[in-house]
Amino acid sequence: MNPELRSWKEPHRLVLIAIGIGIILLAAYSMRWDWLPRYSGRLIEGVGTTIWLLFITSVMGFVAAIGLGLAQAAGPFWLAAPARAFCTVIRGTPLLLQLWLLYYGLGSLFAQYPEIRESWAWTYLRSAWPYGVLALTLSFAGYEGEVMRGAFAGVPRGELEAGRAYGMSPFTMFRRIWLPRAIHRALPTLTGETVLQLKATPLVATITVVDVYAIISRVRQDTYLTYEPLLLLALIYVILTGILTLAFRWVESRVPVKG
C-alpha cells in the first residue's frame, strides 16, 4: 500500500476526519444557510479576487525576492545594505500598517498634484487595488528575500566552482546552477510563505478592495448572522490552503534530488 495512503488510515487521523465530517453535518442541518444562494455569485467573484491577489503578488514578490536575496548573498555593499534594510523594515512592521501607509499616505500625496489627477494614471491611482497589490507584493518580497538570501548562501561552492571550470559565464552559471539550486532549497519555506500570503489577503478589505472576506463581512451586515458566514469563510480558506499545499508538494516531487 502507498505510504501516504497508509498514513491516512492511522487511528488518530480517522478520528479527526470523523470529527470534521460531524462538524460539517451539524453545521449543515442546524444553522441557517438560506442566504447562500443569494450571495453565491458575489462569493465566487470574491474568491476569484482573492486567488488573483495571491497569484499576482506572490509571483511579483518572489521575483523581487530573488534580487533581494542575491544582493545580500553576493552583492556589493551598496546593494546589500539597502536590500538588508528593506527586508528588516518589512519584517519588523505590521502588514496592516504598511497597507495603510501606502493607501492613506501615498494615495493622499498623489491627490495633491493636479498633474497626477489629470493624467491617465489617476484612473488607477485613485483606486484601492494598486495599493493592496503593492503592499502584499512588498511584504512577500521582504520575507522571502531573507529566505532566498539563505538559499543562495547555502548552495555548495563546489557546484559553482564546477560551473566555472566548465567555462560557464556568470549569467549562465547563475541561470543553470545557482538559481535552480537556491529555489530548490527554498521550496519548503516558499510553501509556508505562500500560505501566509493567502491568509494576509483579507487585510485589503480594510481599504475597500472587495475580496471574499469583504463579501462575508457584507453578508454578516445584511443577515445579522455571525457563525454561518465565518464558518463558510474558514472552509474556503482551508480548501484554498489545501490546494496550495498539494500543488507545492507536487512541484517538490517533480524536482530531482541527489540520491
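Everything discussed here concerns the structure shown above.
Remember, predicted model here, so these are calculated numbers, not experimental data. (Residues numbered from 1 in each chain as written. Predicted model: local features only at pLDDT ≥ 70, side-chain atom pairs only at ≥ 80, totals over all residues. Heavy atoms only, no water.)

**Here's the deal with helix α10 (residues 170-200)**
With 31 residues, α10 extends just 37 Å between its outermost C-alpha atoms, more than 12% less than the 45 Å of an ideal straight helix rising 1.5 Å per residue. Approximately 55 degrees is the largest bend angle found in α10, and it occurs at Leu 187, with the proline Pro 188 only one to four residues beyond. (Helix = DSSP H or I, 4+ residues; strand = E, 2+ residues; numbered from the N terminus. Expected span 1.5 Å × (residues − 1). Bend = angle between axes of the 7 residues up to and from the residue.)

**Quick look at the layout of surface pockets**
Space inside the second largest pocket adds up to approximately 350 Å³. The set of elements that each furnish at least two residues to the lining of the second largest pocket consists of α2 (11-30) and α12 (227-254). It is α12 that contributes the most residues to the lining of the second largest pocket, six residues altogether. In terms of residue class, the lining of the second largest pocket is made up of twelve nonpolar, one polar and no charged. (1 Å grid on protein atoms, 1.4 Å probe; cavity = no way out; pocket = protein on both sides within 12 Å on 5 of 7 lines; lining within 4 Å. Points joined across faces, edges and corners; volume = space filled by probe spheres on them. Nonpolar A, V, L, I, M, F, W, Y, C, P; charged D, E, K, R; others polar.)

**Let's talk about the packing of α10 against α12**
With their axes 10 Å apart at the nearest point, α10 and α12 run at an angle of 160 degrees to one another. Viewed along their axes, α10 and α12 adopt a mutual orientation that is roughly antiparallel. Seen along the crossing, α10 lies across α12 with a hand that is right-handed. Contacts between α10 and α12 involve Leu 187, Pro 188, Leu 190, Thr 191, Thr 194, Val 195 and Leu 198 from the former and Tyr 237, Leu 240, Thr 241, Leu 244, Thr 245, Phe 248, Val 251 and Glu 252 from the latter. Counted by class, the contact of α10 with α12 contains ten nonpolar, four polar and one charged residues. (Axes fitted to C-alpha atoms, helices over the stretch in contact; angles between N-to-C directions. Parallel < 35°, antiparallel > 145°, perpendicular 65-115°, else oblique. Left-handed = near helix turned anticlockwise from the far one by under 90°. Contact = heavy atoms within 4.5 Å.)

**A look at unusual backbone geometry**
The phi torsion at Thr 208 lies on the positive side, around 75 degrees, for a residue other than glycine. Assessed through its relative accessible area of 58%, Thr 208 is described here as exposed. Notably, Tyr 224 is not glycine yet its phi reads approximately 60 degrees, a positive angle. Structurally, the position occupied by Tyr 224 is in the loop between α11 (212-223) and α12. (Buried < 20%, exposed > 50% of the residue type's maximum accessible area, 1.4 Å probe, protein only.)

**Considerations on the packing of helix α3 (residues 36-74) against α12**
Closest axis-to-axis distance for the α3/α12 pair is 12 Å, and the angle between their directions is 40 degrees. Classed by the angle they form, the pair α3 and α12 counts as oblique. As for how α3 packs across α12, the hand of that crossing is right-handed. Taking contact as the criterion, the partners of Leu 36, Leu 43, Val 47, Thr 50, Ile 51 and Leu 54 in α3 are, on α12, Leu 232, Ile 236, Tyr 237, Leu 240 and Leu 244. Classifying every residue of the contact of α3 with α12 gives ten nonpolar, one polar and no charged.

**Here we look at the packing of aromatic side chains**
Inspection of every chain in the model, using the stated rule, returns ten aromatic pairs. Summarising the aromatic geometry, the rings of Tyr 124 and Trp 129 are spaced 6.4 Å apart at their centres and angled 90 degrees between planes, so their arrangement reads as edge-to-face. Residue Tyr 124 is classed as partly exposed on the basis of its relative accessible area of 44%. Taking the centre distance of 5.3 Å and the plane angle of 70 degrees together, the rings of Phe 152 and Trp 178 count as edge-to-face. Of this pair, Phe 152 sits in helix α8 (residues 129-154) while Trp 178 sits in helix α10, and the two are 26 residues apart along the sequence. Neither Phe 152 nor Trp 178 differs from the other in exposure class; each is buried. An aromatic cluster is present here, built from Trp 52, Trp 120, Tyr 124 and Trp 129 joined pairwise through their rings. (Phe/Tyr/Trp six-rings, centres within 6.5 Å; stacked < 30°, edge-to-face > 60°.)

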